Amino acid sequence: MPIKDQVAERARIDRIRRMERCLDKSGKAFDKMAKALAEYEAVQTDFKRLCDYYQGPKWMEDFEADEQKKLPENLKRGVLSEDAVYDLLTRNHELTSRMLKIIAKNVEEHRG
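Residues numbered from 1 in each chain as written. Predicted model: local features only at pLDDT ≥ 70, side-chain atom pairs only at ≥ 80, totals over all residues. Heavy atoms only, no water.

Caption draft 1: Fine view of the overall build of the chain. Broken down by element type, the chain carries four helices and zero strands. Helices and strands appear in the chain in the N-to-C order α-α-α-α. Its C-alpha atoms give the chain a radius of gyration of 25 Å, more than 25% over the compact-globule value 13 Å for 112 residues. With respect to the principal axes defined by its C-alpha atoms, the chain has extents near 90 × 35 × 20 Å. A buried classification covers 10% of the 112 residues belonging to the chain. For the chain, the share of sequence-separated contacts (at least 6 apart) that also reach a separation of at least 24 residues comes to 49%. Accessible surface, the chain as shown: approximately 9900 Å² in total, 58% of it carbon and sulfur. (Helix = DSSP H or I, 4+ residues; strand = E, 2+ residues; numbered from the N terminus. Rg over C-alpha atoms; globule rule 2.2 N^0.38 Å. Buried < 20%, exposed > 50% of the residue type's maximum accessible area, 1.4 Å probe, protein only. Contact = heavy atoms within 4.5 Å. Areas by Shrake-Rupley, 256 points an atom, 1.4 Å probe, with all protein chains shown as cover.)

Dropping the structure here:
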């Protein structure tokens, strides 16, 4: 086989190997993303319930009861910290904004 053909064949084989790695890496990432999105979707009812609680009067009542030492000492009460729920709301907003940017970029890049 002429050297030119050998070089072309080698380049083809290298290209196919690189593309196989891309395929494998992308497939694994997409599988992880699908699982993460399923978990994210599954928790939305609880997250909405938490947001409604935090933004409603019951959170402040519970917060004040905690401040007045009316709650059992061994009660887990991270939800009553002033930052925990707010930080989670912020993270949710950042994640959804990031997802929207990724979606918009993908739509633009794959417009046919």
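Caption draft 2: Up close: the packing of helix α2 (residues 44–55) against helix α4 (residues 84–109). α4 packs onto α2 with a crossing angle of 130° between their chain directions and a minimal axis gap of 11 Å. As far as their axial angle goes, α4 and α2 are oblique. In this structure, α2 crosses over α4, and the sense of that crossing is left-handed. Two secondary-structure elements touch here, α2 through Phe-47, Leu-50, Cys-51, Tyr-54 and Gln-55 and α4 through Val-85, Tyr-86, Leu-88, Leu-89 and Asn-92. The residue inventory of the contact of α2 with α4, partitioned by class, reads eight nonpolar, two polar and no charged. (Axes fitted to C-alpha atoms, helices over the stretch in contact; angles between N-to-C directions. Parallel < 35°, antiparallel > 145°, perpendicular 65-115°, else oblique. Left-handed = near helix turned anticlockwise from the far one by under 90°. Nonpolar A, V, L, I, M, F, W, Y, C, P; charged D, E, K, R; others polar.)

Caption draft 3: Just helix α3 (residues 57–67), in detail. What α3 keeps buried is the set Trp-59, Phe-63, Ala-65 and Asp-66. Across the axial projection of α3, the buried residues extend over an arc of 160°, all falling on one side. Exposed residues lying more than 90 degrees from the buried face of α3 are Pro-57 and Glu-67. Along its buried surface, α3 packs onto α2. Directly beyond the C-terminal end of α3, a positive phi value near 60° is found at Lys-69. (Arc of directions from axis to C-beta.)

Caption draft 4: Structural context of a negative patch on the surface. A contiguous patch of negative charge, built from Glu-64, Glu-67, Glu-82, Asp-83 and Asp-87, is present on the exposed surface. You can see Asp-83 is positioned in the loop between α3 and α4. (Patch = residues over 30% accessible without salt bridge, like charges linked within 9 Å, V, L, I, M, F, W, Y side chains within 5 Å. Salt bridge = Lys/Arg side-chain N within 4 Å of Asp/Glu carboxyl O. Lys, Arg positive; Asp, Glu negative; His and termini not counted. Charge placed at Lys NZ, Arg CZ, Asp CG, Glu CD.)

Caption draft 5: Quick peek at the environment of Cys-51. Within the secondary structure, Cys-51 is located in helix α2. On a C-alpha basis, the gap between Cys-51 and Val-85 in space is 7.6 Å, while along the polypeptide they are 34 residues apart.

Just geometry here; none of it tells us what the structure is for.
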